[in-house]
Amino acid sequence: MMDTDKKRKTIRCQKCGLTFSGERVYCPLCKKRIIDESTEDSSIKEDFDVFPVTQKKQADFIFMKIVTFAALAAVIVAGMVDRMMVLSDRTWQPIFFLVVIGVAGGYALLIVGQRKWKNIRKMVMYEVIIGMILCIAYDWYTGWKGWSVQIVLPLTVVGMNLLYFILGFVDRKHQTDYGIYFLLTIIATVFVVILVCVGVMHNTMLVTVTTGIGVLLLIAKIIFQGKTFLSELSRRLHV
């Protein structure tokens, strides 16, 4: 009779709230360990807290759903406004493509930030690339005045040079990783110089400043962190 009562004992999981009957060690839904409220065994309670908490992931998932809906709603509304203005024969600067650029860029930045927030080096690099693409797209959409390439590109390159150079000294733990990203920004500086040589860029004064700062930072990197920087470079390039 006592065995029958034990089997019919109702248990409520403290994690997911599932109520079930019978003698179980783990919850059949979330697999969390079930412990008796009356026990004082600290080792069991410690094991009880080992399982990961999923509330944050669920909140992030809901947030992304809301953001996705808002982004699609903004695109649809922009298309509706453009269409209504065309039908009403009014002078109107189309905003649909501009909204698409902004929404796509913002969405991409959000996803990169959410997935790469633990790796600042990659997150910054990816988001800067996305931002540069958005600037070029907006420049093209508004008639291509060239400011995205003539001004934004060299300023972005010199800013990344300074950022990775400084972080390479501040964050000693990831010093070698920052060295590789710093090298990538130096390559971007060389790319800017090539654009000037082939006649794509005409803002030679700004490019001169960008190139000079890049060269100075590279010299400082070799002088102060040369051994670490060059050894990591050799390892990555298999030289």
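Attention in this report is confined to the structure presented alongside it. (Residues numbered from 1 in each chain as written. Predicted model: local features only at pLDDT ≥ 70, side-chain atom pairs only at ≥ 80, totals over all residues. Heavy atoms only, no water.)

Right, let's talk about the side chain of Asp82 for a bit. As for its placement among the helices and strands, Asp82 is situated in helix α3 (residues 55-87). An unpaired buried charge is present at Asp82: no salt bridge exists, and Arg83, the closest side chain of opposite charge, is 10 Å distant. At a separation of 2.8 Å, a polar atom in the side chain of Asp82 contacts the main-chain amide nitrogen of Phe96. (Helix = DSSP H or I, 4+ residues; strand = E, 2+ residues; numbered from the N terminus. Buried < 20%, exposed > 50% of the residue type's maximum accessible area, 1.4 Å probe, protein only. Lys, Arg positive; Asp, Glu negative; His and termini not counted. Salt bridge = Lys/Arg side-chain N within 4 Å of Asp/Glu carboxyl O. Polar contact = N/O pair within 3.5 Å; in protein donor to acceptor, adjacent residues only side chain to side chain.)

With that settled, the discussion passes to the packing of helix α7 (residues 175-197) against helix α8 (residues 204-237). For the pair α7 and α8, the least separation of the axes is 8 Å and the interaxial angle reads 145°. Where α7 crosses over α8, the handedness of that crossing is left-handed. Per-class residue counts for the contact of α7 with α8 are twelve nonpolar, ten polar and four charged. (Axes fitted to C-alpha atoms, helices over the stretch in contact; angles between N-to-C directions. Left-handed = near helix turned anticlockwise from the far one by under 90°. Nonpolar A, V, L, I, M, F, W, Y, C, P; charged D, E, K, R; others polar.)

Next up on the list: the pattern of salt bridges. Enumeration according to the criterion identifies one salt bridge in this entry. Residue Arg121 pairs with Asp177 through a salt bridge whose shortest N-O separation is 3.8 Å. Of the two residues, Arg121 sits in helix α5 (residues 120-141) while Asp177 sits in helix α7, which places them 56 residues apart along the sequence. With relative accessibility at 10%, the residue Arg121 sits in the buried group.

Once that is clear, we can look at a nonpolar patch on the surface. A cluster of nonpolar side chains, Leu72, Ile76, Val77, Met80 and Met84, forms an exposed patch at the surface whose accessible area comes to about 510 Å². Mapped onto the elements of the fold, Leu72 is located in helix α3. (Patch = residues over 30% accessible without salt bridge, like charges linked within 9 Å, V, L, I, M, F, W, Y side chains within 5 Å. Areas by Shrake-Rupley, 256 points an atom, 1.4 Å probe, with all protein chains shown as cover.)

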